[in-house]
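# Coordinate analysis (summary)
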Amino acid sequence: MDHLDLVRRQFGANATNYATSPVHAKGASLARLVDELHPDPDWRVLDIATAAGHTAFAVAPHVNEVIATDVTPEMLAVARTGAAERALTNITFEPADAEALPFDAASFDAATCRIAPHHFPRPPRFVAEVARVLRSGGVFGLVDNVVPDDLVAARFANDWEQRRDPSHVRCLSLDEWLALLTASGLAIRHAELLAKRMAFVAWVDNMDVAPELRADLLHALETAPQPATEFLRPELGAPGDQDAAAFHLTECIVVAVKG
Ligand SMILES: C[S@@+](CC[C@H](N)C(=O)[O-])C[C@H]1O[C@@H](n2cnc3c(N)ncnc32)[C@H](O)[C@@H]1O
């Protein structure tokens, strides 16, 4: 199956979950991203892979206009409803692939993309597209889950995530992101890492994971190699107790400016 079809299958079937998912709707990175963007009331902003629209909703009150985009039609429908419920009238919603943005060069003052690039097969193409659509001096705010430099931990975290969600491609490390952004002519203005606690059941519920796979994923966490447990910092109850299980992911928040 084509990767974008896989994304649409995963997120189309689970679109409404993302409207209420706490890490997406209320995660600390949302406010941090808006703070570090330093939004301007005149800005035209592109939100890439908007899903249920949380980043677009957070940015919209601070700018003139937001174009919120995604490849999954069901997600755009959920986001449109969310904008109407919040009476946000300066957001429009359009289908768009992050790696082939259907917008003119230099047509945005800022772009955002939060907790989504780990689904993109070609991150360099995505970053090049962001750089292309930003005007000179335009600002890019990126938030994504990252992996540590340790290869054992990085491989475990990415493989484990891909078993939960087959549309997961790869979380990069912060250093990889900084190198990619710089290579596309974006100068790093801010970079930070932020830990987030993930309840195991909410994590598997978001993708409506089958019962047998839920048990396998918890067992994998319970028996993870040491570098992975140092990274994920699991909180475990009795073996197999899904309700008691939690772990931690790490997000990067990076703001970069086009030269
Ligand atoms: C976890 S959600 C994003 C969360 C959202 N940005 C937020 O802040 O709440 C991931 C989204 O990425 C979208 N997506 C995945 N691959 C994409 C691509 N190549 N181009 C655009 N959107 C994509 C999916 O359809 C899904 O809606």
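Residues numbered from 1 in each chain as written. Predicted model: local features only at pLDDT ≥ 70, side-chain atom pairs only at ≥ 80, totals over all residues.

### Observations concerning the overall build of the chain
If you tally the helices and strands in the chain, you get twelve helices and seven strands. At 18 Å, the chain has a C-alpha radius of gyration in line with the 18 Å of a compact globule built from 259 residues. In terms of overall dimensions, the chain has a C-alpha envelope of 55 × 35 × 35 Å along the principal axes. Within the chain, buried positions represent 44% of all 259 residues. Contacts spanning at least 24 positions in sequence make up 75% of the contacts within the chain whose residues lie at least 6 apart. (Helix = DSSP H or I, 4+ residues; strand = E, 2+ residues; numbered from the N terminus. Rg over C-alpha atoms; globule rule 2.2 N^0.38 Å. Buried ≥ 20, exposed ≤ 12 C-beta atoms within 10 Å, placed from the backbone. Contact = placed C-beta atoms within 7 Å.)

### Concerning the pairing of strand β2 (residues 65–70)
The buried count for β2 comes to five of six residues, which makes it a mostly enclosed element. Sheet topology places strand β1 (residues 44–48) next to β2; four bridges connect them, and they run parallel. Counted as the bridge partner of leucine 46 is isoleucine 67 from β2. In this fold, β1 hands off to helix α5 (residues 54–59), which returns the chain to β2; that crossover is right-handed. Here β2 pairs with strand β3 (residues 91–95) via five bridges, running parallel. Within the sheet, the bridge partner assigned to threonine 69 lies in β3 and is glutamate 94. Viewed along the sheet, the connection from β2 through helix α6 (residues 73–85) into β3 turns out right-handed. (Pairing = 2+ DSSP bridges. Right-handed = clockwise from strand over helix to strand, strands pointing away.)

### Regarding the nonpolar core
Counting 79 residues, the largest nonpolar core has Val66, Met75, Ala79, Ala111 and Ala157 as its most contacted members. Once residues within four sequence positions are removed from consideration, alanine 111 is found in contact with Val45, Leu46, Ile48, Val130, Val133, Leu134 and Phe140. (Core = buried A, V, L, I, M, F, W, Y, C linked by C-beta atoms within 7 Å.)

### Quick word on helix α11 (residues 211–222)
The first and last C-alpha atoms of α11 sit 17 Å apart over twelve residues, in line with the 16 Å expected at 1.5 Å per residue. Turning to α11, the residues buried within the fold contact α8 (151–164), α10 (200–206) and β7 (246–258). (Expected span 1.5 Å × (residues − 1).)

### Re the site of the ligand
With respect to spatial proximity, 22 residues lie near the ligand, and among them Ala49, Ala51, Thr72, Ala98 and Arg114 are the closest. Those elements that place two or more of their residues in the shell around the ligand are α1 (3–13) and α5. (Near = placed C-beta within 6 Å.)

### Some thoughts on the environment of phenylalanine 103
Here phenylalanine 103 is to be found in the loop between β3 and β4 (108–114). Separated by 30 residues in the primary sequence, phenylalanine 103 and valine 133 have C-alpha atoms spaced 6.6 Å apart. Among all residues touching phenylalanine 103, those that are not within four sequence positions of it are Leu46 and Val133.

### Overview of the sheet that holds β4
One open sheet accounts for seven strands, arranged β3-β2-β1-β4-β5-β7-β6; its pairing is mixed. Edge positions in the sheet fall to β3 and β6 (186–199), since each has one partner strand and no second. Mean inter-strand twist for the sheet, computed between neighbouring axes without regard to direction, equals 15°. Of the pairings in the sheet, the one linking β6 to β7 comprises 13 bridges and is antiparallel in character. Bridge pairing links alanine 187 to valine 257 in β7. Relative to β3, α6 is tilted by about 175°, and along the sheet it contacts β2 and β3. (Axes fitted to C-alpha atoms, helices over the stretch in contact; angles between N-to-C directions.)

### What about the environment of leucine 218?
The residue leucine 218 is located in helix α11 in this model. The class for leucine 218 is buried, based on 21 C-beta atoms found within 10 Å. The spatial distance from the C-alpha of leucine 218 to the C-alpha of valine 71 is 30 Å, given a sequence separation of 147 residues. Ignoring any residue separated from it by four or fewer positions in sequence, one finds leucine 218 in contact with Phe200, Gly240, Gln242 and Ala245.

### As for helix α4 (residues 28–37)
Of the positions making up α4, those classed as buried are Ser29, Leu30, Leu33 and Leu37. Buried positions in α4, seen along its axis, are confined to an arc of 110° and lie on one side of it. Tucked inside the fold, the buried residues of α4 contact α5, β4, β5 (134–146), β6 and β7. One or two steps after α4, the chain reaches histidine 38, where phi turns positive at roughly 55°. (Arc of directions from axis to C-beta.)

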